Amino acid sequence: MNIAVIGNPNVGKSAVLNRITGSNWFVSNYSGTSVEITSSTLKIGGQVINIYDTPGIYSLNSNGEEANLAQGLFNEKEIDLILNIVDATNLERNLILSYELSEMGQPMLILLNQIDRARSMGIKIDCKQLAANLSSPVLAFSAATGEGLAELMQYLEKQVDNKGRRSVHYGRPDGYGDRTEEKAQIIILGQECKCSGNCHNCGLAIGDCVSPEDLRRAEKARQVARMVSGQMGARQKAWLEKIQGVVDRPILGTIILLFIAYLGFKLLLNFIKISEGPINSILEPINRIIEEFIMAVLPSGIVSTVLAKAVPEGLIIPFTIIMPAMLMVGLLMALLEDTGLLPRYSVALERAGSIFGVSGQAIIPLSLGFGCRTPAIVATRILPTEAQRFIIITLLSIVIPCSATLGILASVISAFQASLAVIVITMLTVLLVLAYTLSRIMPGESEFIYELPPLRIPLGTNIWNKIKIRFSGFFTEVLPLLLLMSIGIRTLMESGVLELFRGLEGFTRLVFGIPAEAFVAVLITVFQRYLAPIVLMNLPLNPREATIAISMIALSLPCLPMMVMTVREVGFKSLAKIIVLGLATSFSVGILLNIILPG
Amino acid sequence: MLMTTMKPGHKVHVLEILNDNPMARRLYEMGIMPGAEIEMLSRHPFKGPLIIKVGNTTLALDRRIADSIVVEDC
């Protein structure tokens, strides 16, 4: 049995699914988190149920990737049940989609989610009347409290039973016989707004117009929403709403948001500093055992020397710096998302951003990038134009440091007493110059409108799930890669290959003011930015050289996983441009700093 | 009057969305269509976004879009 889960953005779809399946759906308090169809399975009564979660859409006929994905799902999979998640506090708008879905003539169940919140807002909804109006069953539900879960499970069980019986009695010899018609209908529905004769606004691009059919549905939704919902007396403003009132004030709100961001950074840096000691004291004896073990097991020679040094070295950086950074950034990002604060940064920074040609919405992928930049690339899909996407992906690739990079940069900066101020100013300058230049070259600034979700108290399980997902890359990607690279670099040093680069010494010193080995470190960033400092750590650099080398490394190429994702999202040509830009940026930064910084 | 001129706290009905607005569809999906009730919550300075309430949804809106939305007092 296949179930398609469809609903407006921000109705708590993922939270509902987490309730049902207990899986790791990302739950976020801003629009456009799930930009792909994710599937999960559930076993009820011995039958496997496939649940397809679609990205939030306002209408099946929307002009966007999300709506196309949802339509595609109906064309590709045999959907037995539509699970329409509706926000009980926003019936009027949500019902428009419900009507579109009900016109498809498929079995549908409507989950009236956030019913607890609706009640606390004084909204009372007559589920029976609503069900009669939509000719589909309606279930009051709350993902936060679990209300309605038992009823939902019961309903699904019954559906599974029915389906089982139906297939026993009638079978489906040709499999598709009764579906072709439905499919045709879906396709027609999808084209409703893309016609030439049906719309009253035909000067508009395909998918941009509103047809009379749309307006009729909206009118019906408005009427029904009014009919089925009543107010339960005067309502008290909840304290969370009062806070929201303050945060949404233009000037005071912006100051509060910036202060929260500052506290977050402070917390991150202090957490890394405080945790380093205890982690080191655990790691040191383990590393000694590993070193002795390797020396004892392997015959003495270059292999055992390299491994005995490289393996312990390769463990120190990931565990003492990257692990705490990934954990803390994961926690902070999850909190910002789940409380609903993140989109408020978009609003607060809209003006500042537009000066540099970046829309306020870009704040979401850019700040996600501080966690891990690979998923941040996917999140750029919420941006309105291709040009904007390319600009933001470029900024992510070249400038934004991910949590792993941040940790590592912090440690090399303090190890060499490099100038934090110079590095930070350099990075900010590059960010602004790149954003400004790119947005002039490829203008595509567009008008925006987006939802500000209500502030809410984050759910512990959501936060935990997100940290887990964001952290999972540590053991599968960060740790093995760093170990491998550590071994590779040790091998280079022990074998004396690095000495060959000495020939470049004169050139790199003259142009960038750094020794040849540090230049090699910059080249290594092609593989993974946070690996390069391992090379630096073994070099005798003075603060000036370190400042230049670290700046060049901090502003260079995207890591391999990012490159793969960039090709997937915007194509190979865009990646090629980003790589060229990245190298140009890194080298120009080196040259300029070498000229500017006093010797 | 145009939506851009609304003061915070002001409640209005949408009369019409001026023609050939490529954002018409998006506005419709967000609940901004003729007949919808809208409250202005706040206006960000320096021609920044407008924060409005449609139903129980809070929206951030570009001023250039608000320029094409005609409203009247409730």
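Please read all numbers here as calculations on a predicted model, not as lab measurements.

J.: Before we go on, may I ask you to explain the overall build of chain B in this structure?
T.: Secondary structure summary: chain B contains 2 helices and 5 strands in total. When its helices and strands are written in sequence order, chain B yields β-α-β-β-β-α-β. In terms of overall dimensions, chain B is globule-like: its C-alpha atoms have a radius of gyration of 11 Å, near the 11 Å expected for 74 residues. Principal axes of the C-alpha set define a box for chain B whose edges measure 30 × 25 × 20 Å. Counting all 74 residues of chain B, 55% fall into the buried class. Long-range pairs, those at least 24 residues apart, make up 56% of the contacts in chain B between residues at least 6 apart in sequence.

J.: I tried to follow the interface of chain B and chain A on my own but got confused; where do I start?
T.: The extent of an interface is frequently quoted as the accessible surface area lost upon association of the parts. Residue-level contacts link 32 residues of chain B with 32 residues of chain A. If you list the elements that add at least two residues to the side of chain B that touches chain A, you get α1 (24-29), β2 (37-43), β4 (57-61) and α2 (63-66) of chain B. Here the element with the most residues in the side of chain B that touches chain A is α1(B); it accounts for 6 residues. Its residues assigned to classes, the side of chain B that touches chain A comprises 16 nonpolar, 9 polar and 7 charged.

J.: For this particular structure, what's the right way to read the environment of G340(A)?
T.: All names here are of chain A. Within the element layout of this structure, G340 appears in the loop between α11 (302-339) and α12 (342-348). The exposure class assigned to G340 is buried, which follows from the 22 C-beta atoms found within 10 Å. G340 sits 112 residues away from L452 along the chain, and the two C-alpha atoms are 7.6 Å apart.

J.: In this structure, what is going on with the sheet that holds strand β7 (residues 138-140) of chain A? I would like to understand it.
T.: The strands making up a sheet are joined through hydrogen bonds of the backbone, oriented either antiparallel or parallel. Residue and element names in this part refer to chain A. On the basis of which strands lie adjacent, the open sheet formed by 6 strands has the order β2-β3-β1-β4-β5-β7 and mixed pairing. Edge positions in the open sheet fall to β2 (38-44) and β7, since each of these has one partner strand only. Looking at each pair of strands side by side, their axes are set apart by 25° on average, direction ignored.

J.: What am I meant to see in the sheet that holds β2(B) here?
T.: What the 6 strands build is an open sheet, ordered β9(A)-β4(B)-β3(B)-β2(B)-β1(B)-β5(B); its pairing is antiparallel. Edge strands, defined here as strands with exactly one partner in the open sheet, are β9 (449-452) of chain A together with β5 (69-73) of chain B. Neighbour to neighbour, the strand axes of the sheet diverge by 40° on average, direction disregarded. Bridge analysis of strand β1 (residues 11-17) of chain B against β2(B) gives 3 bridges, and the strand direction is antiparallel. Looking at β2(B), one finds that V12(B) is bridged to I38(B).

Analysis parameters
Residues numbered from 1 in each chain as written. Chains lettered and ligands numbered in written order. Predicted model: local features only at pLDDT ≥ 70, side-chain atom pairs only at ≥ 80, totals over all residues. Helix = DSSP H or I, 4+ residues; strand = E, 2+ residues; numbered from the N terminus. Rg over C-alpha atoms; globule rule 2.2 N^0.38 Å. Buried ≥ 20, exposed ≤ 12 C-beta atoms within 10 Å, placed from the backbone. Contact = placed C-beta atoms within 7 Å. Nonpolar A, V, L, I, M, F, W, Y, C, P; charged D, E, K, R; others polar. Pairing = 2+ DSSP bridges. Axes fitted to C-alpha atoms, helices over the stretch in contact; angles between N-to-C directions.

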